[in-house]
Amino acid sequence: MFKNYLKSAYRNLLKTRLFSFINIMGLAVGMAAGLLILHYVIFEKSFDNFHQASDRVYRLRYERIGVDGSGAVRFASCCPPAGKLIRERYSQVENLGRMLKYAAAVSYQDRRFIENRMFFAEPELFEVLQFEFRSGDPAEGISQPNKAFMSESTARKYFGDEDPLGKVFSVDQKTDYEVSGVFRDLPANSHLKADILLAWENLITLYGPEFQDAWGHTGVYTYLRLKPGTDIPAFEAQLAELVEAEFGEALKHYNLVMNLPLQPLRDIHLSSHFMQEYELNGELDTVNFLLIIAAFIIIMAWVNYVNLSTARTLTRAREVGLRKVAGATRGQLMGQFFLETLLINLAALILALGLIALALPLFHALTGIPLSHTIWAQGWFGPAILILLAAGILLSGLYPVTVMSSFQPAAVLKGKLGGTGSGINLRKALVVFQFVIAVILLSGTFTVYRQLAFMQQHDLGFDMDQTLVIKAPRVRDELYGEKFATFKKTLLVHSAVKNISHATDVPGRQIWWDAGAIHKEGEDASKGKNYQIVGIDADYIDLFDLKLVAGRNFSPDAPADKEALILNETAVRWMGFDSPEDAVGGRVDYWGNIFTIIGVLQDYHQQSLKAEFESHLYRYLPTGRDVRGVFAVKLSGQDIPASVALIKSRYDEFFPGNPFDYFFLDEYYDQQYHSDRLFGQVFTLFAGLAIFITALGIFGLAAFSATQRTREIGIRKVLGADIPRIVLLLSRDVLILLALSCIIALPLLWFGLNGWLEGFATRMALHSGLFIFPMLIVAGITLLTVGYQTVKAARGNPVEALKYE
């Protein structure tokens, strides 16, 4: 019996090649798209799962907030003493380890690089986070001063194929470290990317013992694993009591509240966007939204199968009737039709795997998933295929199989199909669903790209074109200030260089220097707020074309400017001045030191347009602040490679021993929108696939309509109806469904797009074109799809349609 079913199913698929191809292609595209999106979503949600007992590992953060709820500052890092005291006092803590980021110049022989992923680390860190060591003892390797661990790739960068153990490298040409261990590069799905880990004891030597007791400092990343069953809210309440006991008096003096919230390790990558993050993290909303798109695409593919299968009920009806007359039971018929569904789904799955194999390199390049993290090796892939296949057979096959096996022999052999009204209504509802999703996805694509274009074209408030940013030298001597002045003069004589500025930060970079408890002179300290600080020289404002709305710039000819400040407009409001003009001449208490406000800058977007304007204070520091900072070089645009080579040669001449590490500011600033661009590209790709699947669904509805109304078309042609009128007649139902879909989609789009745009502090306004153009595109695709089928039916010979009547 099974062999007969198989042979019948095979013959039927060959007999209706076009419908079989459309069914298989639609399902294959839906499966492939769904699996690829699932690959990306699972990768994004897999961050830090590889750590032992990762569900009990947390990162301790630091928050400082005014008692009235204003001036909140939230850090990804913590203050130095918190981790030490928690480790000593709380039995709920199984392990706790700390690390502090330390970007510096690392050299070995003639190899010199700026290492941005270097940290001081406690040995206890390896009891909390999993590092896979190739050599060395994680418990002892950096327990002594001047010892270091390196990642495999970093060790190769400095030492080539030589054994790194025992090799000695220098940090800032001040401190030598011996490599005591090598760990494998951290996985791509780790929020922490570390290349070099230095002994924690050297941090104490560098900053002094008092650093460990500084509750007002940040930058110490603190990870802890809690014992099973720990009540997190109760433990956080205990941490609040710790802060009150150790630092409460100082907080009351400044009218501040400090919190030490616990952040689950596995939530960091998609949910953490605080100050002092290691790198830009992903977006949970984006990942969840793509997961919804994947579900919709797969459902749309199954809907297509239902539509295309039921479109063929008329041609299969006589077959069903004859089989029932010959004695076939309904169960046997259902078995045969389910076997056909199984074969189609299997063929679609095989084709889907081929499509995935073809698309995988491009998909990896688009999403940034490393090629080593291939979809074929993932544990979830096999079960996902089986679930997708089983669900596809059941959900896409159940309705058509049930309908076709229920036909009554007497009715179908007379050419009558009973009970089709509910079936037609279901098919129409499914097509409306497809139209709604297609319009939403297309409108969403337009909105994403329009918002990205809006952000890229929006006036940021500063000029970043042709701006080269160089990391300031970390290897310095007592003549550094004079060397920088000479370096600057030497370059400015060249027409390729228009201006040079020395600053602690530039627009486009997260400002790490902040200070709290700053207030007007004479006010109570409790009114102090937290401000971001930028150290600049007299050329900074001109180089970036910042707008002074009141007062003046710093001047090298005004010695008093070392005790002067420039504020931005937001800082003026925070400090309680009535206007920028009112602020000029005002005096500010900066941790007991009095500074005079000499100017006010117009607000500009220091970072992404997603963020609100921050309050900035600018101090006059013409040679930077200790070894941090950058040189900003405004180029004329003439022969950029030659200009960079010229600057590098002078840099190497004046600052020997320092790597020439640079970037172009426009490219750097644009990196902030990487996740949004990725979302737009992935969204567009899968929106296109969804529309393709929708077109197949419309083709199925048109085929059903044309097949069911063949005799009607023949009669109308005999009575004189022309092709355009017949096409309009057959297209009318689909156009009505499209109009209904647009009405349903409009409120969903309005609320959905507004919700997405709320994530941007500076956003475009929604306009009718974002709704109308997608609807017109979907309508155009629909008319082309339906038009082909209806013209084909309308051009048929009416004699063929009526010869059996």
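Residues numbered from 1 in each chain as written. Predicted model: local features only at pLDDT ≥ 70, side-chain atom pairs only at ≥ 80, totals over all residues. Heavy atoms only, no water.

Another aspect to go through is the overall build of the protein chain. Broken down by element type, the protein chain carries 25 helices and 26 strands. Surface accessibility of the protein chain: about 34,800 Å² in total, with carbon and sulfur atoms responsible for 57%. (Helix = DSSP H or I, 4+ residues; strand = E, 2+ residues; numbered from the N terminus. Areas by Shrake-Rupley, 256 points an atom, 1.4 Å probe, with all protein chains shown as cover.)

This next bit is on the pairing of strand β14 (residues 256-259). Burial along β14 is one-sided: the face carrying Leu256 and Met258 is buried and the face carrying Val257 and Asn259 is not. Here strand β2 (residues 62-66) pairs with β14 via four bridges, running antiparallel. If you follow isoleucine 65 over to β14, its bridge partner there is valine 257. (Buried < 20%, exposed > 50% of the residue type's maximum accessible area, 1.4 Å probe, protein only. Pairing = 2+ DSSP bridges.)

Looking now at the side chain of serine 615. Within the element layout of this structure, serine 615 appears in the loop between β23 (593-601) and β24 (616-620). Of the polar contacts made by the side chain of serine 615, one reaches the backbone oxygen of asparagine 530; its length is 3.5 Å. Other than its neighbours up to four places away in sequence, serine 615 contacts Asn530, Tyr531, Gln532, Asn568, Thr570, Ala571 and Trp574. (Polar contact = N/O pair within 3.5 Å; in protein donor to acceptor, adjacent residues only side chain to side chain. Contact = heavy atoms within 4.5 Å.)

A contiguous nonpolar patch, built from Leu394, Leu395 and Leu398 and spanning about 270 Å² of accessible area, is present on the exposed surface. Tracing the chain through its elements places leucine 395 in helix α12 (residues 381-405). (Patch = residues over 30% accessible without salt bridge, like charges linked within 9 Å, V, L, I, M, F, W, Y side chains within 5 Å. Salt bridge = Lys/Arg side-chain N within 4 Å of Asp/Glu carboxyl O.)

Let us now look at the environment of asparagine 189. Topologically, asparagine 189 is positioned in the loop between β11 (175-183) and β12 (196-199). Spatially, the C-alpha atoms of asparagine 189 and phenylalanine 47 are 4.5 Å apart, while their sequence positions differ by 142 residues. Setting aside anything within four residues of it in sequence, one finds asparagine 189 in contact with Phe43, Ser46, Phe47, Asp48 and Phe50.

Moving on, we come to the sheet that holds strand β17 (residues 497-503). Taking strand neighbours across the sheet as the criterion, the four strands line up as β17-β25-β16-β26 in an open arrangement whose pairing is antiparallel. Single-partner strands in this sheet number two, and they are β17 and β26 (662-664). Neighbour-to-neighbour, the strand axes of this sheet turn through a mean angle of 20°, independent of strand direction. In this sheet, strand β25 (residues 630-635) lies alongside β17 in antiparallel orientation, the contact comprising six bridges. Across the sheet, histidine 502 pairs through a bridge with phenylalanine 631, a residue of β25. Against the sheet, helix α15 (residues 480-492) contacts β17 and β25, and its axis sits at roughly 160° relative to β17. (Axes fitted to C-alpha atoms, helices over the stretch in contact; angles between N-to-C directions.)

Now for the pairing of β11. Looking at chain direction, strand β8 (residues 133-135) and β11 are connected through two bridges and run antiparallel. Note on β11: the bridge partner recorded for phenylalanine 133 is phenylalanine 183. Pairing of strand β9 (residues 147-151) with β11, which is carried by five bridges, proceeds in the parallel orientation. Considered in β11, the bridge of phenylalanine 149 is made with glycine 181.

Pairing is possible between side chains that carry opposite charge, provided their charged atoms lie close to one another. Following the criterion strictly, the structure yields 28 salt bridges and no others. Between arginine 184 and glutamate 152 there is a salt bridge whose closest N-O contact spans 3.3 Å. Of the two residues, arginine 184 sits in the loop between β11 and β12 while glutamate 152 sits in helix α5 (residues 152-159), which places them 32 residues apart along the sequence. Owing to a relative accessible area of 35%, arginine 184 belongs among the partly exposed residues under this scheme. What makes glutamate 152 buried here is its relative accessible area of 14%. Residue aspartate 661 pairs with lysine 471 through a salt bridge whose shortest N-O separation is 3.6 Å. Of the two residues, aspartate 661 sits in the loop between α19 (640-654) and β26 while lysine 471 sits in strand β16 (residues 467-471), which places them 190 residues apart along the sequence.

Among the nonpolar cores identified, the biggest contains 85 residues, and Phe462, Tyr540, Phe544, Tyr618 and Phe686 are the most heavily contacted of them. Top element by residues in this core is helix α2 (residues 17-45). It accounts for 13 residues. If near-sequence neighbours (up to four positions away) are discounted, tyrosine 540 is found in contact with Ser501, Ala503, Asp505, Val506, Pro507, Val534, Leu546, Tyr604 and Tyr618. Counting 27 residues, the second largest nonpolar core, distinct from the first, contains Cys79, Ile86, Leu251 and Leu256. (Core = buried A, V, L, I, M, F, W, Y, C linked by side-chain atoms within 4.5 Å.)

Of note in the backbone geometry, alanine 53 takes a positive phi value of approximately 50° without being a glycine. As for its position among the elements, alanine 53 is in the loop between α2 and β1 (57-60). Look at alanine 53 and you get partly exposed, because its relative accessible area is 22%. One non-glycine residue, aspartate 639, lies in positive phi territory at about 45°. Within the secondary structure, aspartate 639 is located in the loop between β25 and α19.

It is worth spelling out the packing of aromatic side chains at this point. Inspection of the entire model under this criterion finds 48 aromatic pairs. Consider the rings of tyrosine 221 and tyrosine 278, whose centres lie 4.4 Å apart with planes at 40°: the pair is tilted. Taken together, the residues tyrosine 221 in strand β13 (residues 220-226) and tyrosine 278 in the loop between α8 (268-271) and α9 (284-310) connect sequence positions 57 residues apart. One aromatic cluster is present, built from ring pairs that chain together Tyr480, Phe484, Phe487, Phe631, Tyr651, Phe654, Phe655, Phe660, Tyr662 and Phe664. Positioned over the ring face of phenylalanine 274 is arginine 61, at 3.7 Å from the centre of the ring. Positioned above the aromatic ring of tyrosine 590, the side-chain terminus of arginine 619 is 5.3 Å from the ring centre. (Phe/Tyr/Trp six-rings, centres within 6.5 Å; stacked < 30°, edge-to-face > 60°. Lys NZ or Arg CZ within 6 Å of the ring centre and 35° of its normal.)

Another aspect to go through is the sheet that holds strand β3 (residues 73-75). Strand order in the open sheet formed by three strands is β3-β2-β14, with antiparallel pairing between adjacent strands. Both edges of this open sheet fall to β3 and β14, since each of them pairs with a single strand only. The average angle at which neighbouring strand axes cross in this sheet is 10°, direction not considered. Sheet topology places β2 next to β3; three bridges connect them, and they run antiparallel. If you follow glutamate 63 over to β3, its bridge partner there is arginine 74.

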